[in-house]
Every structure is written in C-alpha cells, then in structure tokens.
Protein chains: 2
Amino acid sequence: MEGNFTYCNPTKLYFGRGAVRFLGGELPKYGKNVVLIYGGGSIKKNGIYDSVVKILHEGGKNVAEIAGVMPNPTVEKLYEGVKIARAHKADLLLAVGGGSVCDYAKALSVSVHCKEDPWEKYYLRFEEPTCETLPVGCVLTMAGTGSEMNAGAVITNPAQKLKIGHVFADEKIMPKFSVLDPVYTLTLPHYQMAAGIYDIFNHICEQYFSGEDDNTSDYLAEGLMRSLLHSSRIANKDMQNYEARSNIMWTATWALNTLISRGKSTDWMVHMIGQAVGAHTDATHGMTLSAVSLAYYRHVMPYALPKFRRFAVQVWGVDPAGKTDAQVAEEGLSAMEAWMREMGLVLHIAELGVREEMIDGIAESTLLLEGGYHTPDKNEVKAILKESM
Amino acid sequence: MEGNFTYCNPTKLYFGRGAVRFLGGELPKYGKNVVLIYGGGSIKKNGIYDSVVKILHEGGKNVAEIAGVMPNPTVEKLYEGVKIARAHKADLLLAVGGGSVCDYAKALSVSVHCKEDPWEKYYLRFEEPTCETLPVGCVLTMAGTGSEMNAGAVITNPAQKLKIGHVFADEKIMPKFSVLDPVYTLTLPHYQMAAGIYDIFNHICEQYFSGEDDNTSDYLAEGLMRSLLHSSRIANKDMQNYEARSNIMWTATWALNTLISRGKSTDWMVHMIGQAVGAHTDATHGMTLSAVSLAYYRHVMPYALPKFRRFAVQVWGVDPAGKTDAQVAEEGLSAMEAWMREMGLVLHIAELGVREEMIDGIAESTLLLEGGYHTPDKNEVKAILKESM
C-alpha cells in the first residue's frame, strides 16, 4: 500500500428489511428541529414518507421540509434550502431519497452557517468549511452513489453549465447514520436501477484503473465488481429479487466510501466527462457515465495494458491462454460492453440530448484530472465525446 | 445480503511510513492522564517507545505505564492494570504493540470503572459494560489480529485453562484511533510474521465458511484472501519488502473489523479449538490455528462441498475442468496446505506442547459454536485434535 493515508468513516449503517425502525433511536442524539429533505414525492406514494414523519413526530421533533430536490441538485435549490434551514434553526438534516437528496443534504450542512457564497467557496475554490456544520442523517431509497457513507456532494450550476463534486475532507460531513432498506429500492423503474448499477461499477473502475497496481484495494475492488456483476444479472431479469438488490445496495456503499481508493491515485475522468455531459443535458448520472465509458477506456487501454488484461481475466472471466495482452484486454472491454447492453444502459450521448455542436462546450467544461494512467487533453476529450455520440 | 445488521466502525486509521506523527494531533481530544501499555520491551529497542513517549510529553500528558502485557494477556495482568489505571485516574489508554496489547487495552477500558469482577462479567457471562468506559488508542507494531479496528478483546485465565474472546457490542469500545506504520512490523521474527499472516487468513475463513453463500461479503473475503496470498509469498522470501508487508497490515485490519461478516453467520470453530490449545500451552495464537485447521476443514468439507469448490477455484486457482466437486475441493485444501508449509506454519499441535493425555481437557474447554456448516460435538473435536497431533 503506497503512500500515507487516513481512513475514517464513522457513519452508522442500519441495513435490512424494516431498518427504518432504528431511526427513532438515533433522534434523541440531536436537537428538536429537523429539516426533512426529499425529491419528487415518490416517497409519498410508497409509504416511506409516512413512516419517517411518524417516527419524527413520535420523537418529538419539529419538522420543516425541503421538497423537490431534483436528480442533479442545483445551486439555486441549495440557496432555497439554506433559507429554510436557517429559518427553522435546524439541528438535523434528514435526507430521504437517493444519492442526489443525500448529496444535497451534505452541501446544505456546510452552507447553512456559511457566511460566504457556498457555490464559490466549496465548488469553485474547493475550500473546506470553517463555519459550524450540521449533522446529516439519511434514509436511502436508491442504490448507486454511495453518498450514504461518504463526504461527497455534487451540485450543478445550470447557468454556468457546471456540475461539480466536492469531497469534503472532514469525516464529520459524512452522514452520522444511514438507513439502508433494500426493499425501498425495489420500486425503482428499470432505467434508474440500471443507471445506479452502472454508477456503482464505474465508481469502482475510477479507483481501480490507476497506478499502484496490485495492492489490497485492487483485490477488494475486483471482489466488489464480481459481486455486482453476479447480482446485476439476476436483478436485470428479476427486479424484485431481494438477495440481488440487497447485495447491490451494500456494494454501492462500499464502492465509494474511500476504502478501495486507499493507496490509489484514482482516475475519475469518466465522471468528469459524464458530469460535463450532465451539466449540458440534465441526463441521468449513471447513463452519462455509460455513454462515454467505452470510448474512454478504449482510449486509455494502451497506456495500461497489464491492468486491462487483469481486469479482463479477473472480472470478466476472459481466458488468456494463447492470446496477447492486447487481445485479452480488448476481450475484457467487449465483455463489459456486452454486459452494458444486457443491462439496457445508454451507450450514445446523442440519446441523452447531446448534439454535435455541443461537444466543444462539453469538452471545455470537463475538468482534467491526473490520477489515471493517462490524462487526456481537451482534444482527446472531444474525440472521446465524438466517439460516444 | 440476508438478515438485518448494523455496521459502525468509527476508528480513525493513520496508515503509512511515519504515521506516528499523527498521534500528537489526537492527544488534545483526551485528558492529561495517559496509561501507556506495552509488551515485552521490544519497543524500547526499536525506537518506537522513545517516539511515543516524546509525543506524549510534548502533548503535556502525565504518563503511567503498564509494561509486560504478555502475548496471551491474562486475567491477573488485567487486575494489575485496573489498579494502575485507577490510581492514575486514566483519561486515555494507549496501547503500543501487537494485537495482545491492543486487546488488553480494550479489556482494561471496560474494567477500570467496573464494580464487578470483569472476568466473570465479560468473559464468563458475556455481559456488556454498564459502567463508564475509557477511550483507547493504538500504535500497532504487529499485523494479524485486527484488534486495531474492532471491539474484541481476548483474555486468558491460565488457572481455569480458559482463553475467551468477547466482541463488545458498542462501537465506543473500538479504538478511537490507530496508527498503522508498516515499518514497525518489519523487525518481527519470521515465526511471528507467519503466525500473524495465518491469523489473518483464518479470520477470513471463519467468516467465509458459513451459510448465506455468494453475498457481497464472500466476494470481499475472496479479494482479501487473494491479496494476502500474493503478499505473503513475497514477504516470506523478502521480509523487508514494504509493499508486501504494508498490504498484509492493511488486509489484517479489514479481515476482522466486521465488514466481511455482514450478512454471514460465521464459523469460528478453528479459533475455538485453537484458543483451547492456547489456554493449555500458551502457544502463539496463529500457530494454534494453523495446527488444527487442516483437520477441521477436511472434517467439515463434506457439509459444504460447493463452497469448498468455490474456495479452491477462486482463491487457490484450482482448475475445475473434468473434476468432481469433491476433487476440486480437496485440491483446494491441498493447495492451502502447500502454502502453509511454504510459510513455515506449525501443522502439529504436538509441536506446541500438546500431549495425547491433554486432548480430553482441551476438547472439554472448547466452546462449540453453531454458525458454520456443521457444529462438531466434543467427540468430533477430540478427533480433530488427535488428527492434528
């Protein structure tokens, strides 16, 4: 394990059927004023909202609401939430929803008492909070982002066409507790389930496909990928399969809580390109990733043939006998493509609303990171986008 | 992922060369009175003691010491430590050593303010603490037990010939922080390094070889085992290889911090039998496990042929083509045996001081657990011990 690092994830996870019953036991640790944060309102149709509100009232909490947190939470929504949370003198922010809602709650937690403009401070200057921050709890209804156990928060500024993630440094920004009931994820439409699954898979790839090969993190990453492929194939045909969906939910958490990036430089370029597509189209996050992945990985493969060969053999079961490294590596990416088609993932950014004339703008707003095997320049990003049309 | 579970590991891990420099930053969180706990004194020869004491003094701490914590910490040593910690009005217990010292510190943390006899309360009745408990920090010098990030503490009562582990339920019993500098582990003799490696490997097996097959925990377990085999083979020939030793240290932590037991019933019979051997012989923990493992696993294999087949293929690289499940499974255990010999592990309990006439007594004091594929009765335990002679 190269380098020096810390690892600290204090989030308490409650996993399994009916796990929301543990929410009541967490509440006494916080003050009376709770801000309940959610998305479009599906939780009002599936009973989750009612369960949570009942528990909050039984716990003697005063509840204010921030509804309508959209899938790519915007900076305007953040400002709106800051007003609500300040007026309510919030003691606890409770996110009930998917990764967007949980991310939003964390962005809010560092913004409520922030005297500066949070977009500029946290998302343009990438500074850490110096103000008081609020505790966050999460009742997760969608598996994919890992937000429930990390300190990341992605916010979109549609006016600037920027979608930026800040992984806050202090573990206090991580949710204090998260309720993970796989049953809550079973009502998702197939499109969202598949997008979440690909988000998980790509999170793992973003950490795996970077230098310092062969350390413990790589082996853990391979384990998570293999578990995900196993479960995703079952879930793809049988969305209500609890065993498969629960394993997917657990895998999602561990794919992006910093464990498998320990000792790794990490890539994140698929996310940078995908987020840029997302900022221009408002498309579903997981699908922005799937649509650009194959072109990206085929582009960087020559810079890391041994690792792509290993990926092919260990994750995709490619038989390397009698083949060159390049052949094995290509077979691995072909196997990944076949799985992506099987899962119904979007493989063309045109389907997400990208038109040729948007490519330059998308490439311009793509942050170029240096942790992967090869950092593309803007021209390479444009080529990858063109190939992804 | 079957069942309901919680996961909460708040320990902050500082990993890498020179990681002890982070100790100073932790100290202000605790009161002035620190009890420094260590073993035989090797830390006074390799500079670690001096580094730590310097940091404690720079931090303005009053330091009392509990030296001489033996490899299988005894209940008498625990009582001695309680007196010292009480007299010192300890605010923080700082373990500097291997798993024995860290375990001991945790046992002490729940005993200092305990009004009852801690051996009876925690180790015979398995009750949880109701008294105030003290925070524990750890500077780890040996990789193997995972004690640095879990709530377990094994104590031996030589008079009663009992060696019992209690995994405390509350995550507050886990160390608040642990310093993991792989360089600290490089001075270990080969015997201790190999014993630690086998302890890690068997920890993983104890969780892997139980029902609920094929969940995320199984895949993570396989990743950890494969990483460990890779690194152990390097370290076996080149003990100073930092990359290999650092991966072993990181793997040890993740092998026994509850992650890979989520959704698993877990076995632990190799540890029960090995600990009983240890209570009668005071032998090195990892060697008590290696000496009884092959007989145990060959005994339970028929009850879980598919899992042992998977183990053979996924962990040992056995080619299953044209073979029955039983053949593949046996080949896997043979491959494990070959690796154990390569590592110089003890494979006979007679070498640890067991004589035939002790077998009945050892079997009598073996706790029989029900989480594995098959719970042996006392006669089966005797048979396993006889076969392990």
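No experiment lies behind these values; they were computed from the predicted model shown.

Q: How would you explain the domain arrangement of chain A if you had to name every residue and give the values?
A: The figure often quoted for interface size is the accessible area lost as the parts come together. All names here are of chain A. Annotation of chain A at the domain level lists domain 1 (12–185) and domain 2 (190–388). Placing a centre on the C-alpha atoms of domain 1 and another on those of domain 2 gives a separation of 27 Å. On the side of domain 2, 22 residues touch domain 1, which itself brings 24 residues to the contact. Roughly 2100 Å² is buried in total at the junction of domain 1 and domain 2, and carbon and sulfur atoms are behind 64% of that figure. Across the domain 1-domain 2 interface, the total number found is 0 salt bridges. Put simply, domain 1 and domain 2 have 7 residue pairs in polar contact (both at pLDDT 80 or more) between them.

Q: Can you break down helix H2 (residues 48–58) of chain A residue by residue, with the values?
A: Residue and element names in this part refer to chain A. Here H2 has its buried residues at Ile48, Tyr49, Val52, Val53, Ile55 and Leu56. Viewed end-on, H2 has its buried residues packed into an arc of 160°, placing them on one side of the element. Away from its buried face by more than 90 degrees, H2 exposes Asp50, Lys54, His57 and Glu58. As for H2, its buried residues are in contact with helix H1 (23–26), strand E2 (33–38), strand E3 (62–66), strand E4 (92–97) and strand E5 (136–140). One or two steps after H2, the chain reaches Gly60, where phi turns positive at roughly 70°.

Q: An account of the interface of chain B and chain A is requested, with residue identities and associated values reported.
A: Tallying the contact residues gives 42 residues for chain B and 42 residues for chain A. When residues of chain B are sorted by the area they lose upon contact with chain A, B:Met1, B:Tyr219 and B:Trp250 head the list and together hold 17% of the total. Here chain B and chain A share 2 salt bridges between them. A salt bridge links B:Glu171 to A:Lys12; the nearest nitrogen and oxygen atoms lie 3.3 Å apart. Inspection of the region where chain B meets chain A yields 22 residue pairs in polar contact (both at pLDDT 80 or more). Residue assignment for the side of chain B that touches chain A shows that the elements contributing at least two residues are strand E1 (5–15), helix H8 (216–237) and helix H9 (242–255) of chain B. Sort the elements by how many residues they give to the side of chain B that touches chain A and E1(B) lands first, with 11 residues. Partitioning the side of chain B that touches chain A into residue classes produces 17 nonpolar, 15 polar and 10 charged. Sheet analysis places strand E1 (residues 5–15) of chain A next to E1(B), joined by 7 bridges and oriented antiparallel. Opposite A:Leu13, over in E1(B), you have B:Tyr7 as the bridge partner.

Q: Describe the environment of A:Arg17, listing the residues and the values that go with them.
A: With respect to the helices and strands, A:Arg17 occurs in the loop between E1 and H1. Distance in space between the C-alpha atoms of A:Arg17 and A:Ser246 is 9.5 Å, their sequence separation being 229 residues. If we ignore the near neighbours within four places in the chain, the residues touching A:Arg17 are A:Asp181, A:Pro182, A:Val183, A:Tyr242 and B:Asn4.

Q: Tell me about helix H4 (residues 75–88) of chain B, and please be specific about residues and values.
A: All names here are of chain B. Between the first and last C-alpha of H4 there are 20 Å, a value that for 14 residues agrees with the 20 Å anticipated at 1.5 Å per step. Every buried residue of H4 is listed here: Val75, Lys77, Leu78, Gly81, Val82, Ala85 and His88. Around the axis of H4, the buried residues are gathered within 145° of arc, so they sit on the same side. With respect to the buried face of H4, the exposed residues turned more than 90 degrees away are Glu76, Lys83 and Ala87. Looking at the buried positions of H4, the neighbouring elements they touch are strand E2 (33–38), strand E3 (62–66), helix H5 (99–109), helix H6 (118–124) and strand E6 (152–157). Positive backbone phi, approximately 50°, marks Lys89, located one or two places after H4.

Q: Can you explain the nonpolar core? Please cite residues and give values.
A: One recurring pattern in soluble globular proteins: nonpolar side chains tend to sit buried together. Counting residues in each nonpolar core, the largest one holds 230 residues, and the members touching the most others are A:Phe201, A:Trp254, A:Phe311, B:Phe201, B:Trp254, B:Phe311 and B:Met336. Apart from residues no more than four positions distant in its own chain, B:Phe311 is found in contact with B:Phe201, B:Cys205, B:Tyr208, B:Phe209, B:Met225, B:Trp316, B:Leu333 and B:Met336.

Procedures and definitions
Residues numbered from 1 in each chain as written. Chains lettered and ligands numbered in written order. Predicted model: local features only at pLDDT ≥ 70, side-chain atom pairs only at ≥ 80, totals over all residues. Heavy atoms only, no water. Domains from an automatic or database assignment. Contact = heavy atoms within 4.5 Å. Buried area = accessible area lost by both parts, 1.4 Å probe. Salt bridge = Lys/Arg side-chain N within 4 Å of Asp/Glu carboxyl O. Polar contact = N/O pair within 3.5 Å; in protein donor to acceptor, adjacent residues only side chain to side chain. Buried < 20%, exposed > 50% of the residue type's maximum accessible area, 1.4 Å probe, protein only. Helix = DSSP H or I, 4+ residues; strand = E, 2+ residues; numbered from the N terminus. Arc of directions from axis to C-beta. Nonpolar A, V, L, I, M, F, W, Y, C, P; charged D, E, K, R; others polar. Pairing = 2+ DSSP bridges. Expected span 1.5 Å × (residues − 1). Core = buried A, V, L, I, M, F, W, Y, C linked by side-chain atoms within 4.5 Å.

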